[in-house]
Amino acid sequence: MTTRQAADLSREAEFPRLCREFKTVSAMLRMYCRAHHRPGSAGLCPACASLRDYARRRLECCRFGESKPACVNCAVHCYKPDMREAMRRVMRWAGPRLLWRHPVLAVRHLVDEHRA
Ligand SMILES: [Zn+2]
């Protein structure tokens, strides 16, 4: 396994693909949390916020970097089982809804999934 430097998602110009993925995940989490946990003005409840931070760290450390496949197609399952399960629940709920709320992100996400 090769070690590579972690990506820095605050440098969007250098990591456009990872940043887009993180934006998509964040958008899905916001929709899911708002509908299920009613976090009020905070944006995300503590559980969803920690899931988002976890997702960000996973993306930053993704060994494929900018050439990463969509997570569903990835051979390396880098999430811990409980985080993976939590994220899958969010994706299953928010995936179809993303199409209406954030059509551009959703279509790009689908394109990423079917590229390869
Ligand atoms: Zn929540």
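Preceding this paragraph is the structure being described.
Criteria and thresholds
- Residue numbering note: each chain is counted from 1, following its sequence as written.
- With pLDDT at 70 or above as the cut-off, local features in this predicted model cover only qualifying residues; side-chain atom pairs require 80 or more to be listed or tallied, and sums for whole chains, interfaces and linings still use all residues.
- Here the side-chain values reflect all heavy atoms present in the structure, with hydrogen atoms and water set aside.
- The rule for donors is simple: an N, O or S atom within 2.8 Å of the metal counts, and for Na, K and Ca the reach is 3.2 Å. Water is not among the atoms, so a site may look short of donors.
- Geometry is assigned from donor-metal-donor angles: four donors are tetrahedral when every angle falls between 85 and 135 degrees, four are square planar and six octahedral when opposite donors sit over 155 degrees apart with all other angles between 65 and 115, and any other arrangement is irregular.
- Residue burial is assigned from relative accessible area. The probe radius is 1.4 Å, only protein chains are included, and a residue is buried under 20% of its type maximum, exposed over 50%, and partly exposed in between.
- In this text, helices come from DSSP runs of H or I with a minimum length of four residues, and strands from runs of E with a minimum of two, each type numbered from the N-terminal end.
- Whenever a nitrogen or oxygen atom comes within 3.5 Å of another N or O atom, the pair is scored as a polar contact, on the condition that within protein one atom can donate a hydrogen and the other can accept it, and that pairs from neighbouring residues in sequence are kept only if both atoms are in side chains.
- Here, two residues are considered to be in contact whenever any of their heavy atoms come within 4.5 Å of each other.

Undergrad: How do you make sense of the coordination of the zinc ion when you look at a structure like this?
TA: For a metal bound by four donors in a tetrahedral arrangement, the ideal donor-metal-donor angle is 109.5 degrees, while six donors in an octahedral arrangement ideally sit at 90 or 180 degrees. Cys33 (SG), His37 (ND1), Cys45 (SG) and Cys48 (SG) make up the full set of protein donors to the zinc ion, lying at 1.9 to 2.3 Å. With 4 donor atoms in place around the zinc ion and angles of 106 to 118 degrees between them, the coordination shape is tetrahedral. Along the chain, the residues that donate to the zinc ion are spaced as C-x3-H-x7-C-x2-C. For the pair shown, Cys45 and Cys48 are each scored as buried.

Undergrad: Can you walk me through the side chain of Thr24 in this structure?
TA: Relative to the helices and strands, Thr24 is located in helix α1 (residues 16-36). Within the structure, the side chain of Thr24 is placed 2.9 Å from the backbone oxygen of Arg20, a separation counted as a polar contact. Residues in contact with Thr24, not counting those within four places in the same chain, are Leu98, Leu105 and His109.

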